[in-house]
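Notes for the structure review
This is what each chain is made of:
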Amino acid sequence: MAIKLLNHKKEDKRPDKEEYYMSIAKQIAQRSTCLKRKYGAIIVKEDNIVAAGYMGSARGTPNCIDLNKCSQNEVNKPEPYYCRAVHAELNAIINAARAGASILNGTMYLYGERIKDNKIVFGKPCKLCKRAIVNAGIIEVIVPGEKTFKRYRTEFWVKESKKDPFAELNER
């Protein structure tokens, strides 16, 4: 039995690893249950995807997309405290723990987009997610940037916090 090989054109470009992993994070984001934004995260260690997570309510609880209501809008307070969703970054870390997968020294790929116009969110993890990422031992977070990917080394978050422990209070 002969194996049929795919014919690739010269202009077909094989994505590099960062593009590949970010495209997976983007696909995972499509499972998000938030009415405002979609986020997806994967954690890669030694070139293997060890965990994934998207923005959504806690397991087994109602989510905003099914309720067709945003809890932050319901209380008229846009603070994260009032959001029903667990962030994609935290869900990826939690899913790794549930599976018994080590993420120590791993890299996180984080993708986000707004629902209203499907535009990419060029952001970084929130304060709480940063702390969880540092404590989980993830060494780098990669997010989309305007022209290329933006990389955040967690060791710099720790150094900045040591210099001025209250600097994050002024972020917004």
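Let us look at the structure shown here.

Cut-offs applied
Residues numbered from 1 in each chain as written. Predicted model: local features only at pLDDT ≥ 70, side-chain atom pairs only at ≥ 80, totals over all residues. Heavy atoms only, no water. Helix = DSSP H or I, 4+ residues; strand = E, 2+ residues; numbered from the N terminus. Buried < 20%, exposed > 50% of the residue type's maximum accessible area, 1.4 Å probe, protein only. Lys, Arg positive; Asp, Glu negative; His and termini not counted. Salt bridge = Lys/Arg side-chain N within 4 Å of Asp/Glu carboxyl O. Polar contact = N/O pair within 3.5 Å; in protein donor to acceptor, adjacent residues only side chain to side chain. Contact = heavy atoms within 4.5 Å. Expected span 1.5 Å × (residues − 1). Arc of directions from axis to C-beta. Phe/Tyr/Trp six-rings, centres within 6.5 Å; stacked < 30°, edge-to-face > 60°.

Mapped onto the fold, K38 is located in strand β1 (residues 37-45). For K38, which is buried and forms no salt bridge, the nearest opposite charge comes from E113, at a distance of 4.1 Å. Of the polar contacts made by the side chain of K38, one reaches the side chain of Q30; its length is 3.0 Å. When neighbours within four sequence positions are excluded, K38 is seen to be in contact with A29, Q30, S32, Y111, G112, E113 and I115.

A rise of 1.5 Å per residue sets the reference length of helix α4 (residues 88-99), with its twelve residues, at 16 Å; its end C-alpha atoms lie 16 Å apart and thus fit the reference within 8%. On its buried face, α4 sits against β1, β2 (48-54), β3 (56-57), β4 (85-86), β5 (107-114) and α5 (127-136). Of the residues trailing α4, G100 is marked for its positive phi of about 70°.

With a phi angle near 50°, E46 is a residue other than glycine that sits in the positive phi range. Considering the arrangement of structural elements, one finds E46 in the loop between β1 and β2. Residue classification places E46 among the exposed residues on the basis of a relative accessible area of 70%. Its identity as a non-glycine residue notwithstanding, N118 has a phi of 55°, on the positive side. Its location among the elements puts N118 in the loop between β5 and α5.

Attention now goes to α5. For α5, the full list of buried residues reads C129, K130, I133 and A136. Looking straight down α5, one finds that the buried residues subtend no more than 130° of arc, so they occupy a single side. Turned more than 90 degrees from where α5 packs its buried face, L128 and N135 sit exposed. Contacts from the buried residues of α5 go to α4, β5, β6 (140-144) and α6 (154-163). One or two residues past the end of α5 sits G137, with phi positive at roughly 85°.

A word on the packing of aromatic side chains. Under the counting rule described, the total for this entry stands at three aromatic pairs. Seen in terms of ring centroids, Y152 and W157 are 6.1 Å apart; in terms of plane orientation they differ by 35°. Their pairing is tilted. Comparing Y152 with W157 shows no difference in burial state: the two are buried. Among the aromatic side chains, those forming a connected cluster through ring pairs are Y20, Y21 and Y109.

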